[in-house]
Amino acid sequence: MKDILPKEMEIRDYVISQIKETYRTFGFQSIETPCVEHIDNLSSKQGGENEKLIFKILKRGQKLNLETAEEEGDLVDSGLRYDLTVPLSRYYANNAGELPSPFKALQMGNVWRADRPQRGRFRQFMQCDIDILGEPTYLAEIELITATTTLLGKLDFSNFTIRINNRKILKGMAKYCGFPEKSYDEVFIILDKMDKIGMDGVETELLDAGYDKTSVEKCISLFQTVTNDIAGITYMKDTLGECLEEGTAEDLITIISTVEKVKGADFRIIFDPTLVRGMSYYTGPIFEIAMDEFGSSVGGGGRYDEMIGRFTGNDTCACGFSIGFERIIMLLLERGYEVPGAAVKKAYLIDKRATTERMQEVIAKAKEERERGVQVNISVMKKNKKFQKEQLAAEGYEDIEEFFV
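Residues numbered from 1 in each chain as written. Predicted model: local features only at pLDDT ≥ 70, side-chain atom pairs only at ≥ 80, totals over all residues. Heavy atoms only, no water.

Asks: Help me out: how do you make sense of the sheet that holds strand E3 (residues 56-58) in this one?
Replies: Strand pairing within a sheet occurs via backbone hydrogen bonds; the two strands may be parallel or antiparallel. In space, the three strands of this open sheet follow the order E2-E4-E3, with antiparallel pairing throughout. Each edge of the sheet is formed by a strand with only one pairing partner; in this case those strands are strand E2 (36-38) and E3. Within this sheet the neighbouring strands show an average axis-to-axis angle of 40°, counted without direction. Note that E2 and strand E4 (residues 76-80) share three bridges and pair antiparallel. Note that in E4 the partner of glutamate 37 across the bridge is glycine 79. (Pairing = 2+ DSSP bridges. Helix = DSSP H or I, 4+ residues; strand = E, 2+ residues; numbered from the N terminus. Axes fitted to C-alpha atoms, helices over the stretch in contact; angles between N-to-C directions.)

Next up, the structure:
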C-alpha cells in the first residue's frame, strides 16, 4: 500500500474524470458497493487464485470467541473485496428490481489482495470496471471494448493490442484433444503460460502433469498451425467441428470485425487462442489489453453468464471489462504526462510584516482571480525567498507576485 503525492494525485483525479466522462457517453451509470463482503461471497470458488489473497476480518464483540474456536469459520465472517465483480453480482441480485435491463454499470473503488508487491502491483489498489448485465448478445462485448479503447485513446495511449479469445473455443479444443473434462481448468492454466514459457514449456508441463502424450501432441499441433486473425478462428471452427459449440466462431468474428470498423483509437485487436484469464467464472468471450511499454496486461475482462445466478438462482447474462487503473497511472507518470488544460496557477507571497489591511487586500485580489478560474496559492514570504520561489515554480506556479508591507 502506498501514499500518493500531489503530482500523482493530480493525474489520478484527471484520469478519473476522463473515465466517468467517457463511459457516461456510452450509457454507463456509476454505482458503489461496500469494501467489505461476507466471507461466503468472497470464497465462492469463482475468484480463482485471488481467493487465496483475501484480507479476512475477525468477528466482532460477542461473536468472537477465541476459546471455543476450532476452525477459521469460527473466527472469520467477512473480508475486504479482492475485485469489483463479485460485489457487483451481489449488488445486482439485491437490486435488480430497481435497475434497467440491460444495466450498464460503472464502478470504481479500492480493492485489497494479500499479494507480493511489485512494479504496478500493490496490496491496496483502485479498480475501474464497466459491466453490462442482461445483454445476451455480442453487442455487450463490442460496447465494452469500444468504450475502453476510446478512453485509452483520450489518455494518449496508442499501438496497444486487444487480445481476444472465447472460453468455449478453449473447451472445444480440450475436448477435441481428448483431455478429461474434469481437468480442463488445469490444462487452461498451463496454456495461459504460453507467453512466458513458450510452446515447448507448455508441452513439458502438460506431460509432467500426467496427460496423455497423444492429447498433448494434438494440442501443440493446433497452436503451431493457428493464426492470430479471423482466419485462425475459421481454422479452429473447421478443425474442432462438433467439439465447438455452434455460433461461437461466428460471434467472435463479428466482435473483431465490428470493433476494427468502428474503433476511434490506434490499436490492434487479435485472436489469441492461448488467452485463458484466471477467473473460473468466465463463460464466453474473454479479452485483455497488452501494452509493450509495460510488458504485461493492463486490463481485461469477459463474459460471466453464470455468476449472478449463484446469488439469485436465476442466471443473468453479464459481461465486463476492467482497466488496470494503477498500471495506467504508473505508465503516465513514467512518461512525464502533463494534465492537459490545467488551470492557470499563480502564487502570492506576503511579507510577514504586512499589515492586516495589506493581507486583506491580497486575499481579496486572490478571490477575484479564483472566480475567473485561476488557481491562487497565498503564502507568507520566507527568509530564503529564492528557494521558496523555486519550489513554487516546480509545482507549476509560473506567475509569482510579491506583496510587501
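Asks: Can you walk me through the sheet that holds strand E10 (residues 296-303) in this structure?
Replies: Pairing within the open sheet is mixed, and its eight strands lie in the order E1-E5-E6-E11-E10-E9-E7-E8. Taken across any chain shown, the strands that pair with only one partner, and hence form the sheet edges, are strand E1 (29-31) and strand E8 (267-271). Direction aside, the axes of adjacent strands within the sheet are offset by 20° on average. Both strand E5 (residues 103-112) and strand E6 (residues 124-133) contribute to a ladder of ten bridges, which runs antiparallel.

Asks: Which parts of the structure should I look at to understand the pattern of salt bridges?
Replies: Enumeration according to the criterion identifies 27 salt bridges in this entry. Here glutamate 143 makes a salt bridge to lysine 104, at a shortest N to O gap of 2.9 Å. With glutamate 143 in helix H4 (residues 139-154) and lysine 104 in strand E5, this residue pair connects regions lying 39 residues apart in the sequence. Residue class for glutamate 143 comes out partly exposed when judged on its relative accessible area of 22%. Overall, lysine 104 belongs to the buried group, its relative accessible area being 16%. In this structure, lysine 168 and glutamate 245 form a salt bridge, with 3.1 Å as the shortest nitrogen-oxygen distance. On the criterion of sequence distance, the pair formed by lysine 168 in helix H5 (residues 167-177) and glutamate 245 in the loop between helix H9 (230-240) and helix H10 (248-262) is long-range, its members being 77 residues apart. Among the residues examined, lysine 168 registers a relative accessible area of 29% and is labelled partly exposed. Among the ionic contacts, a cluster of salt bridges with common partners joins Lys2, Glu8, Arg12 and Glu326. (Salt bridge = Lys/Arg side-chain N within 4 Å of Asp/Glu carboxyl O. Buried < 20%, exposed > 50% of the residue type's maximum accessible area, 1.4 Å probe, protein only.)

Asks: Got a minute to help me understand the nonpolar core in this structure?
Replies: The nonpolar side chains of a soluble globular protein tend to be buried, and buried together. If you look at the biggest cluster of nonpolar residues, it comprises 98 residues, and the most contacted ones within it are Ile19, Tyr23, Phe179 and Leu191. With seven residues, H4 is the single largest residue contributor to this core. Beyond its immediate chain neighbours, meaning those up to four positions away, isoleucine 19 contacts Leu106, Met108, Cys128, Leu151, Ile323 and Phe325. Core analysis: the next-biggest nonpolar cluster, separate from the first, contains eight residues, Tyr348, Ala354, Val376 and Phe403 among them. (Core = buried A, V, L, I, M, F, W, Y, C linked by side-chain atoms within 4.5 Å. Contact = heavy atoms within 4.5 Å.)

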